[in-house]
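Given next are the chains, with one letter for each unit.
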Amino acid sequence: MTNGNVVSFPYNLFTIILFLLLWSSWFFIPFFHPVIKFLQSKLFAFFLLVAIAILFLIKALFALEHIDSIFCIPWLIVFFLTLQSLFFIIVSRLKSAITFILLHLGSFLVIVCMCAGAGDFLRVKLKLVQNNFIAEGVDQYHRVVSFPFALQLKKIEVDFYPPELIISVTSKQQVLKRVPIATGEYFDWSDGKFNYRFKIKNYWNKAVQFEGKFYPIDHLASSPTVVLEVYQKDNNNNNNNNNKVSEEILTVGSEVGAIPAKYFTFSDQTTVMFLSKPQAKKYLSQIKYYNKKEGNVFNYQLMVNHPLNIDGWNIYQHSYDLNNNLNHSIIEAVYDPWLPGVYIGFGMLLLGSILLARKRAKFTSVVSGFVNTKSSVLVFVSKKYLTILYICGIGIYLLYLWIHLHRPPFKTVGETKLIYAFILPVIGVILDKKLKLNWISICTVLLSLFFLFLYIIHSQPLDQNLAPALQSPWFIPHVLLYIISYSLLAVATIFAIRDFIRGRAVELTTSMVYLGTTFLTIGMLCGVFWAKTTWGHYWNWDPKECWALLSWILYVLFIHYRLFFPNKIKWAYVLLVINLFFIMICWFGINYLPYHNIEGSLKLHTYGY
């Protein structure tokens, strides 16, 4: 039996057992011993990591749809060789350190369960209609799937953020100003030629157009609508509310197309003002669940980030249908029986990464070196008071944004640059205190100032809106851990450049990479759990995911290179500089790649860009 193009249960399980038995038998056949030795070799492991990195680079650059197939020949060969190599390494080194076993066995388990689970994984999207029971849907292979239960929509509730008037440059898609809707309020804008003053005369959440006029009516064809009075200000920039120029109507446009969107174009013809589309703050479905076997009926409340587990299926609130006056709720049912095995593998990788960082990076001693001896800390702070004030200033501003926006300031790429500008000098100060390296705190402050400059020149009006998918407990740790890892790896690159110039290796450089890679791993796994909780699948082959995994693989490659070729220092540090470049692409450079403009290609991973 196959699920799409992939073997499903029980044949996938039989295939795994068959290969495990076959590979185990090779240990007892002398003919295969040279093969096993080759598959365990450091050189083979290194080039295998290079091959994996190249495949992900191709996928990340070109976003090719067909390359995600497990039966695409290059991927099939690499996956098969990776499993073989990991199996022989694990079996041959069962008595190795627990860290080694956790990392390699965890990787093996994740790959096996992901590949085998692809055959049993089902995603079924359903459109629930009020008062109708639905017991089947269409899966990702366009097949009808029947459930052991039936679902009925009782009610869908949607809470929207207040709309905004947005002034934007059309050619650059750059937001210049956001104005909250408040009837009777005034706001000003100048396009360089004229100075405007606008008054929000009326706002209707739902209005329809009839004979050229708009009326507040709740109808399927209605649209959010705002009426603006437009005034011109004199050359001295004095208010002159009597100089009314026109009255403008701005609409979002109805979903069914009965009302086209209307916007206001300024005199420069490149700047427009429009009414933002309603953005959902929260939406949930009140559903009724009917168990076919037992005949029981239960009531559930289904929300984004809060899936339900029903008879082995995870049910997710996917979206809602505005075209039907909020009578339809779109949900997704996911069946993933191999998920526990994948999570066990992720847990092993997580624990192994932490143990490895603790062993190699010795971060606890760095922190303790900063906080011990009260008198030495006071002396240090007195010498670094400007740096400390700079860090505190950014920290206070971040706290202000958090309070003012009523959300964590982690949403946009600009906000993440600001966090980076805060964390980077903190790490520099800690290393300065512990290692007596004055130059590293100076370098981190300079790099921090550069990112602070980028934040200022590319600043955009901030908004309080946070999509339901971002209202997750995984949101803050995912972003924060990634930015910490980026900061640590940037510091490691600074050390590498110094070591490259001096022509000798310093263990601190590699230790910083271990620590940064650990944070990168934990941040990536937080993203995995977040995606699974929110969307029902932790991997969707979108470009952001590919670049993130590629960055992680490259740092794993660096770690293996330093272990396998300890004397080839300069090439290792060249690789480290290249890796930082890839991280910058993954972080914000991806927004400038061609497929950024493909609708839906990056989804929420655009960081609100």
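Every residue gets a number counted from 1 within its own chain, in the order that chain's sequence is written. Note on the predicted model: pLDDT of at least 70 is required for a residue's local features to be given, and 80 or more for side-chain atom pairs to be given and counted; whole-chain, interface and lining totals, by contrast, use all residues. To get the side-chain values, all heavy atoms of the structure are used, and hydrogens and water are removed first.

Draft legend 1. Highlighting the overall build of the protein. On a plain count of helices and strands, the protein comes out with 15 helices and 19 strands. Relative to its 609 residues, the protein shows a buried fraction of 49%. Calculation of accessible area relied on Shrake-Rupley with a 1.4 Å probe; when residues are assessed, cover is drawn exclusively from the protein chains displayed. Just so you have it, the protein exposes about 30,100 Å², and 64% of that area is on carbon and sulfur atoms. Only runs of H or I of at least four residues qualify as helices and only runs of E of at least two qualify as strands under DSSP, and these elements are numbered from the N terminus. Note on exposure labels: buried denotes an accessible area under 20% of the residue type's maximum, exposed denotes more than 50%, and partly exposed covers the range between, all computed with a 1.4 Å probe on protein chains only.

Draft legend 2. Representation of the packing of aromatic side chains within the structure. Classification of ring pairs rests on two measures: the distance between centres of Phe, Tyr or Trp rings, Trp counted by its six-membered ring, which must be within 6.5 Å, and the angle between planes, read as stacked under 30 degrees, edge-to-face over 60 and tilted in between. The tally for this structure, following the rule as stated, stands at 61 aromatic pairs. Ring geometry for F56 against W539: centres 6.3 Å apart, planes inclined by 85°, an arrangement best described as edge-to-face. Here F56, found in helix α3 (residues 42-62), pairs with W539, found in the loop between α13 (507-535) and α14 (543-564); they are 483 residues apart in sequence, far enough to count as distant. Take W539: its relative accessible area is 23%, and that puts it in the partly exposed class. Taken together, a centroid distance of 5.6 Å and an interplanar angle of 70° make the contact between F87 and F88 edge-to-face. A network of ring pairs unites the aromatic residues F19, W23, W26, F27, F31, F32, F80, F87, F88 and F108 as a single cluster. Criterion for a charge above a ring: Arg CZ or Lys NZ at most 6 Å from the ring centre, at most 35 degrees from the ring normal. If you follow R93 out to its NZ or CZ, it ends over the ring of F100, 4.0 Å from the centre. A cation sits over an aromatic face here: K417 above F588, 4.8 Å from the ring centre.

Draft legend 3. Layout of the state of the cysteines. Sulfur atoms of two cysteines make up a disulfide when they are within 2.5 Å. By the definition in use, this model includes zero disulfides. The cysteine C113 is free of any disulfide, with C115 supplying the nearest cysteine sulfur at 9.5 Å. On the basis of relative accessibility, which here comes to 7%, the residue C113 falls in the buried class.

Draft legend 4. Fine view of the nonpolar core. Y486 and W587 are the most contacted members of the largest nonpolar core, which totals 94 residues. Residue contacts follow a heavy-atom distance rule, with two residues in contact if any of their heavy atoms lie within 4.5 Å. Among residues more than four places away in sequence, those in contact with Y486 are Y420, L520, I583, C586 and W587. For this analysis, a nonpolar core means a set of buried residues of the types Ala, Val, Leu, Ile, Met, Phe, Trp, Tyr and Cys, connected via side-chain atoms within 4.5 Å. Judged by nonpolar contacts, the second largest core, of 25 residues, contains I287, Y289, V304 and A333.

Draft legend 5. Structural context of the sheet that holds strand β7 (residues 174-180). With antiparallel pairing, four strands are arranged side by side in an open sheet as β7-β6-β14-β13. Looking at strand neighbours, the two that pair on one side only are β7 and β13 (264-265), the edges of this open sheet. With two bridges connecting them, β13 and strand β14 (residues 271-275) associate as antiparallel partners. Bridge assignment links T265 to a residue of β14, and that residue is V272. In this analysis, strands are considered paired if DSSP registers two or more bridges between them.

Draft legend 6. Here's a closer look at the packing of helix α2 (residues 33-40) against helix α4 (residues 73-92). Only the stretch in contact is used when fitting a helix axis, every axis being a line fitted to C-alpha atoms; angles between N-to-C directions are given from 0 to 180 degrees. In the contact formed by α2 and α4, the axes pass within 8 Å of each other and the chain directions differ by 100°. One element, α2, and the other, α4, form an angle in the roughly perpendicular class. Contacts between α2 and α4 involve I36, L39 and Q40 from the first element and Q84, S85, F88, I89 and S92 from the second. Considering only residue class, the contact of α2 with α4 consists of four nonpolar, four polar and no charged. Angles below 35 degrees are treated as roughly parallel, those above 145 as roughly antiparallel, those between 65 and 115 as roughly perpendicular, and all remaining angles as oblique. Here the nonpolar group is Ala, Val, Leu, Ile, Met, Phe, Trp, Tyr, Cys and Pro; Asp, Glu, Lys and Arg are the charged ones; every other residue, Gly included, is treated as polar.

Draft legend 7. Focus on the packing of α3 against α4. Closest axis-to-axis distance for the α3/α4 pair is 11 Å, and the angle between their directions is 150°. Note on packing geometry: the crossing formed by α3 with α4 is left-handed. On α4, the residues that touch F44, L48, A51, I52, L55 and F56 of α3 are P74, W75, V78, L81, T82 and S85. Here the residues of the contact of α3 with α4 are counted per class, giving ten nonpolar, two polar and no charged. Throughout, a crossing is termed right-handed when the near helix is turned clockwise from the far one, and left-handed when it is turned anticlockwise from it by less than a right angle.

Draft legend 8. A look at a nonpolar patch on the surface. A cluster of nonpolar residues, I497, F500, I501, W571, V574, V577 and I578, forms a patch on the protein surface that exposes about 680 Å² of accessible area. Secondary structure elements with two or more residues in the nonpolar patch: α12 (475-502) and α15 (569-587). The element that contributes the greatest number of residues to the nonpolar patch is α15, accounting for four residues. Looking at the secondary structure, you find I578 in helix α15. For patches, a residue must show more than 30% relative accessible area and have no salt bridge; joins then use 9 Å for like charges and 5 Å for nonpolar side chains, namely Val, Leu, Ile, Met, Phe, Trp and Tyr. Salt bridges, as used here, are contacts in which a Lys or Arg side-chain nitrogen is within 4 Å of a carboxyl oxygen on Asp or Glu.

Draft legend 9. Structural context of the pairing of strand β4 (residues 133-138). In the sheet, β4 pairs with strand β5 (residues 144-160) via five bridges, with the strands oriented antiparallel. Bridge pairing in β5 links V138 to V144. As consecutive antiparallel partners, β4 and β5 are separated by five residues, and within that stretch H142 has a phi angle of approximately 65°, a positive value.

Draft legend 10. Fine view of the pairing of strand β11 (residues 223-232). Of all ten residues that make up β11, nine are buried, and the element is covered over most of its length. The sheet contact formed by β11 and strand β12 (residues 244-251) spans seven bridges and is antiparallel. Note that in β12 the partner of L228 across the bridge is E248.

Draft legend 11. Focus on the side chain of K417. Along the chain, K417 turns up in helix α10 (residues 413-435). When charges are tallied, Lys and Arg are placed among the positive residues and Asp and Glu among the negative ones, while His and the ends of the chain are skipped. No salt bridge is formed by the buried K417; its nearest oppositely charged neighbour, E415, is found at 12 Å. Not counting residues within four places of it along the chain, the set of residues in contact with K417 comprises F451, L454, H458, W587 and F588.

Draft legend 12. Main features of the environment of I200. Examined against the element boundaries, I200 turns out to sit in strand β9 (residues 195-210). Owing to a relative accessible area of 0%, I200 belongs among the buried residues under this scheme. Not counting chain neighbours up to four residues away, the residues in contact with I200 comprise L165, P180, I181, A182, T183, G184, E185, F187, V226, V227 and L228.

Draft legend 13. Structural detail: α12. In this model, α12 (28 residues) spans 41 Å end to end at C-alpha, consistent with the 40 Å of a helix rising 1.5 Å per residue. For α12, a buried count of 21 out of 28 residues is recorded, marking the element as mostly surrounded by other parts of the structure. Where α12 ends, the next residue or the one after it, G503, has phi of about 75°, a positive value. Here a helix's expected span is defined as the number of its residues, less one, multiplied by 1.5 Å.

Draft legend 14. Quick look at unusual backbone geometry. Residue P10 is reached from F9 by a cis peptide bond, and omega for that bond is 5°. Along the polypeptide, P10 turns up in the loop between β2 (6-7) and α1 (11-26). In this structure, D311 is a non-glycine residue whose phi angle is positive, near 50°. In this fold, D311 is placed in the loop between β17 (308-310) and β18 (313-321). Given a relative accessible area of 37%, D311 falls into the partly exposed group.

Draft legend 15. Here's a closer look at α13. Over its 29 residues, α13 extends 42 Å from the first C-alpha to the last, a length consistent with the 42 Å expected when each residue adds 1.5 Å. In terms of residue burial, α13 counts as a mostly covered element, since 25 of its 29 residues are buried. The positive-phi residue at the C-terminal boundary of α13 is G536, with phi of around 90°.

Draft legend 16. Broad picture of the environment of R498. Inspection of the secondary structure assignment puts R498 in helix α12. Judged by its relative accessible area of 18%, R498 falls in the buried class. Between the alpha carbons of R498 and Y573 there is a distance of 9.8 Å; along the sequence they are 75 residues apart. In contact with R498, not counting residues within four places along its chain, are W439 and V506.

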